[in-house]
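Given next are the chains, with one letter for each unit.
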Amino acid sequence: MHSLYEIETTVKRSAKSQGLSWGISEEIGKSIRILEQSGLRGLESFKNIVDFGFDNLTKLTDINQKTTTHLCPIHFGIFFQDRSHLKEMHQTFKFENLKEPLICIPFFIKAAKKNLIYFHIHSSEISISITPGEMTSINQNQIPTSINNFSIKVTQQRQQQYSNETWEDLYQLSLETFVEETEEKKLSGAGAGLSDND
């Protein structure tokens, strides 16, 4: 088994040899390192991209661009990482095809944490949700090598994961910690009086 440093360095150099800039090569090296460290098949996904050929991939450069087939996951991830803080990016976007979507996940995690936003990627093949708390819901055995006709929703609104009834029950329990307010308690309670002895 190779060290994470070896994996990052090899990916970075391989990416550079394929014509990517050093900056983007460094980003993909870090991304693949994170995936491998997480027990996901990052190196295999990167190799699939290299075998497919960067010249055969579409680089996302504008959110309204017409061609979104065979999107490059590296440029796709960096695009959202660099722009997801902008309010106009907080909406749902639809795309045709993304190769090796696994590679995008570390970029989305970084952006979610930095900008306190949520990513929801959905297609018929897979659904991925990423939160600012670094929680990601995916199943490594179900990540396809390509997804089709998918959407990505970027939002500052977190999804409610509990029922209103659960909230009301817990809120009512929390009210039990309050002390009934009386004039006597106002004068003798914490923070009352003329002297401070704590």
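Residues numbered from 1 in each chain as written. Predicted model: local features only at pLDDT ≥ 70, side-chain atom pairs only at ≥ 80, totals over all residues. Heavy atoms only, no water.

1. Description of the overall build of the protein chain
Note the threshold: For the purposes of this entry, the term helix denotes a DSSP run of H or I that reaches at least four residues, the term strand denotes a run of E that reaches at least two, and both are numbered from the N terminus. Contacts are assigned to residue pairs with any non-hydrogen atoms lying within 4.5 Å of each other. A 1.4 Å probe and the Shrake-Rupley method give the accessible areas. Residues count as covered only by the protein chains that appear here.
When helices and strands are counted, the protein chain shows seven helices and five strands. Tracing the protein chain from N to C terminus, the helices and strands come up as α-α-α-α-β-α-β-β-β-β-α-α. Restricting to contacts in the protein chain with at least 6 residues of sequence separation, those with at least 24 account for 63%. Counting every atom, the protein chain has about 12500 Å² of accessible surface; 49% of that belongs to carbon and sulfur.

2. Focus on the pattern of salt bridges
The line we're drawing: We define a salt bridge as a contact between a side-chain nitrogen of Lys or Arg and a carboxyl oxygen of Asp or Glu at a distance within 4 Å. Whether a residue is buried, partly exposed or exposed follows from its accessible area with a 1.4 Å probe, protein chains only, as a fraction of its type maximum: under 20%, in between, or over 50%, in that order.
Under the criterion given, the structure shown has three salt bridges. Across the salt bridge formed by Arg33 and Glu8, the nearest N and O atoms sit 2.9 Å from each other. Within this pair, whereas Arg33 is found in helix H2 (residues 22–37), its partner Glu8 is found in helix H1 (residues 4–17), the two being separated by 25 residues in sequence. For Arg33, a relative accessible area of 27% gives the class partly exposed.

3. A few points about helix H4 (residues 73–83)
Taken across its eleven residues, H4 has nine buried, putting it largely inside the fold. When H4 is considered as a whole, its buried residues turn out to be Pro73, Ile74, His75, Phe76, Gly77, Ile78, Phe79, Phe80 and Gln81. Where the residues of H4 are buried, they touch H2, helix H3 (42–52), strand S1 (92–99), helix H5 (105–115), strand S2 (118–122) and strand S5 (146–155).

4. Digging into H2
Cut-off, in case you're wondering: The length a helix should cover is 1.5 Å for every residue beyond the first.
The end-to-end C-alpha distance of H2 is 22 Å, a good match for the 22 Å that 16 residues give at a rise of 1.5 Å each. Buried residues along H2 sit in contact with H1, H3, H4 and H5.

5. Observations concerning the sheet that holds strand S4 (residues 136–137)
Operational definition: Here, strands pair whenever DSSP counts at least two bridges between them.
With antiparallel pairing, five strands are arranged side by side in an open sheet as S1-S5-S2-S3-S4. With one partner strand each, in any of the chains shown, S1 and S4 form the two edges of the open sheet. Of the strand pairs in this sheet, S1 and S5 are connected by seven bridges, and their pairing is antiparallel. For Thr92, the partnering residue across the bridge sits in S5 and is Lys153.

6. Observations concerning the packing of aromatic side chains
Where we set the bar: Side-chain rings of Phe, Tyr and Trp (the six-membered ring for Trp) are treated as a pair once their centres are within 6.5 Å; stacked means planes under 30 degrees apart, edge-to-face means over 60, and tilted covers the remaining angles.
With the rule as written, the count across this model stands at eleven aromatic pairs. Relative to Phe95, the ring of Phe80 has its centre 6.3 Å away and its plane inclined at 90°; by these criteria the two rings are edge-to-face. Taken together, the residues Phe80 in helix H4 and Phe95 in strand S1 connect sequence positions 15 residues apart. Neither Phe80 nor Phe95 differs from the other in exposure class; each is buried. Taken together, Phe76, Phe79, Phe80, Phe93, Phe95, Phe108, Phe119 and Phe150 form an aromatic cluster joined through their ring pairs.

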